[in-house]
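Commentary on secondary and tertiary structure
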Amino acid sequence: MPIKLPSFRPRRDAYPPDLWTKCPSCEEMLFNKQLDKVQRVCPSCGHHFRLSAAARLALLLDHGTFVERDAGLQSVDPLGFVDQKSYPDRLAAAQLATGMRDAAVWGTGTLDGRPVAICVMDFGFMGGSMGAVVGEKVTRAAEYALAQRLPLVVVSASGGARMQEGTLALMQLAKTIGALERLRAGGVPYLSVLSDPTTGGVFASFAVLGDINVAEPNALIGFAGARVSAGTIAQELPAGFQRSEFLFQHGFLDRVVHRSELRGEIARFLGYLVPASRRNGTFADEPEPLGLPSFRPLSFLSNLAERVMPSEADAPTNGSGSHDSAHEPSAASQVPPESGAARRAAVAASLPAVPAHDTVEAAVPDPVKQEPERASEGTVDADAHDAATPERPQDAERG
Ligand SMILES: [Zn+2]
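Described in the following lines is the structure provided in the data block. The residue count restarts for each chain, going from 1 along the sequence in the order it is written. Selection of residues for local features in this predicted model requires a pLDDT of at least 70, selection of side-chain atom pairs for listing and counting requires 80 or more, and totals for whole chains, interfaces and linings are taken over all residues. The basis for the side-chain values is all heavy atoms of the structure; hydrogens and waters are excluded.

All right, on to the packing of aromatic side chains then. When two rings of Phe, Tyr or Trp (its six-membered ring) have centres within 6.5 Å they constitute a pair, described as stacked for plane angles under 30 degrees, edge-to-face for angles over 60, and tilted for the intermediate range. One pass over the full model with this rule turns up 4 aromatic pairs. Our definition puts a charge over a ring when NZ of Lys or CZ of Arg is within 6 Å of the ring centre and also within 35 degrees of the ring normal. The side chain of Arg-40 reaches across the aromatic face of Phe-49, ending 5.8 Å from its centre. A cation sits over an aromatic face here: Arg-50 above Phe-123, 4.2 Å from the ring centre.

As structure tokens, then:
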């Protein structure tokens, strides 16, 4: 076939680096536009490339039905974490690269005509790592699904908990599991889709708790890396260890589904799994959650947090994040003058505007002061669950 060149442009313009992708499995060179048309699955060997959150939503939901919620949530830097770069700089770089505020997006839409609450993760944003924002979005999606009796779909793509948020990232495991347990007790279905990769804290929490867990072919799924696992048990690992098919053969997954069939498969499951209706319009006679009746995980955690959190007198004052400093002149004076702050503010301004019903908010504005409050909220929520939940639908309608 003769090749027609559009014009004689400088070589670097004619061949931008993102024009072709080499398939890591069969080494075929694939034209990116062609690859996008086939949902980023290699036409010659079936290798599933990673999908961005936007592409994932477009793949699963009916066209134009997605309404994003809590778009304004973004991380702060509660620990003042610095490795080769400071955490706010890393966030800004990821925001610039992806156009997202954090590694997850949640909202509502219809899938084959059925309304769902959906949360999708994007590995392109800091390896899809789960910090306070990702955990909060999954939790809010589950709470909304419970309040509105909508099936919940979560698509995971994550390397695990975000180390830059330390313990706050690890706390998301307990938080998301708590919300999903209330969803389960309320009889609302939850479908988990595990894409490549689903590892670490995401694997250890919400990703494997679906009523149905489906995975894409050859996705890396596991808790620790293969080398760590092999070292721990001092044995060679079997072929295909931590891949979808291996986990399916060992009963850990319900299905391995090709991307082209994923939407249809989920729609079929949604046909079988219908949210239980709210009896008498209340939550009062819902089934009790399984487990030990006297053990309340949230009370336990908040008690623990109160003991280990420093008192306010010792609290360091550098807890305010970049977001606060952008909006409050008084807080800005506490941030050391650096070009990074201005650059981050510019990145924040370049991100898509937040819809009017959402406000830009920091997930954990000031952990030292907020944590005891959050913890006590959690306690109230756990103990007075029945009293607290009926208000949530109203909240949702207002929002
Ligand atoms: Zn290939």
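Structure shown, so let's carry the discussion forward.
For the rest of this paragraph, the subject is the packing of helix α4 (residues 87-98) against helix α14 (residues 339-350). Working note: a packed helix pair is described by the angle between its axes plus the distance between those axes. As a rule, the C-alpha atoms of each element are fitted with a line to give its axis, helices using only the stretch in contact, and angles between N-to-C directions run from 0 to 180 degrees. The helix and strand labels rest on DSSP assignments: H or I over at least four residues marks a helix, E over at least two residues marks a strand, and numbering proceeds from the N terminus. At a minimum axis separation of 9 Å, α4 and α14 run at an interaxial angle of 35°. Here the hand of the crossing between α4 and α14 comes out left-handed. Seen from α4, the contacting residues are Pro-88, Asp-89, Ala-92, Gln-95 and Leu-96; seen from α14, they are Gly-340, Arg-343, Arg-344, Val-347 and Ser-350. Crossings are assigned a handedness: left-handed for a near helix turned anticlockwise from the far helix by less than a right angle, right-handed for a clockwise turn. It only takes one pair of heavy atoms within 4.5 Å for two residues to be counted as in contact.

Both site types are read off a 1 Å grid over the protein atoms alone. A 1.4 Å probe that fits but cannot get out defines a cavity, while an open set with protein on both sides within 12 Å along at least five of seven lines defines a pocket; lining residues have an atom within 4 Å of a point. Grid points are joined across faces, edges and corners, and a volume is the space filled by probe spheres set on the points. On inspection of all chains with the given rule, the structure shows 2 cavities of 30 Å³ or more. In this model, the largest cavity occupies a volume close to 70 Å³. Surrounding the largest cavity, Phe-49, Arg-50, Leu-51, Arg-56, Met-121, Val-155, Ala-157, Ser-195, Asp-196, Glu-216 and Arg-259 form its lining. Of the residues that constitute the lining of the largest cavity, the class distribution is 5 nonpolar, 1 polar and 5 charged. Residues are sorted three ways: Asp, Glu, Lys and Arg are charged, Ala, Val, Leu, Ile, Met, Phe, Trp, Tyr, Cys and Pro are nonpolar, and all the rest, Gly among them, are polar.

Okay, the pattern of salt bridges next. One speaks of a salt bridge when a side-chain nitrogen belonging to Lys or Arg is within 4 Å of a carboxyl oxygen belonging to Asp or Glu. In the structure shown here, the tally under the stated rule is 18 salt bridges. For the salt bridge of Glu-181 with Arg-184, the shortest nitrogen-to-oxygen distance reads 3.1 Å. One end of the pair, Glu-181, and the other, Arg-184, are both in helix α6 (residues 166-185), 3 residues apart, so they sit about a helical turn from each other. Three labels apply to residues, based on accessible area from a 1.4 Å probe with only protein chains included: buried if under 20% of the type maximum, exposed if over 50%, partly exposed otherwise in between. Residue classification places Arg-184 among the partly exposed positions, given a relative accessible area of 35%. Its salt-bridge partner being Arg-243, residue Asp-196 comes within 3.8 Å of it at the nearest N-O pair. With Asp-196 in strand β8 (residues 190-199) and Arg-243 in the loop between α8 (226-233) and α9 (244-249), this pair connects stretches of sequence that are 47 residues apart. Overall, Asp-196 belongs to the buried group, its relative accessible area being 16%. Note on Arg-243: relative accessible area 28%, which makes it partly exposed.

What follows is about a nonpolar patch on the surface. Residues forming no salt bridge and having over 30% relative accessible area are the ones grouped into patches, like charges within 9 Å of each other and nonpolar side chains (Val, Leu, Ile, Met, Phe, Trp, Tyr) within 5 Å. Only the protein chains shown count as cover for residues, and the accessible areas themselves come from Shrake-Rupley with a 1.4 Å probe. A cluster of nonpolar side chains, Trp-20, Met-29 and Phe-31, forms an exposed patch at the surface whose accessible area comes to about 310 Å². Secondary-structure assignment places Met-29 in strand β2 (residues 29-31). A relative accessible area of 49% places Met-29 in the partly exposed class.

What follows deals with the nonpolar core. Only buried residues count toward a nonpolar core, which is a set of Ala, Val, Leu, Ile, Met, Phe, Trp, Tyr and Cys residues joined through side-chain atoms within 4.5 Å. Among the nonpolar cores identified, the biggest contains 64 residues, and Leu-152, Phe-206 and Ile-266 are the most heavily contacted of them. For this core, the element with the highest residue contribution is helix α5 (residues 132-148), accounting for 7 residues. In terms of nonpolar packing, the next biggest core, distinct from the first, is built from 5 residues, Cys-23, Leu-30, Cys-42 and Phe-49 among them.

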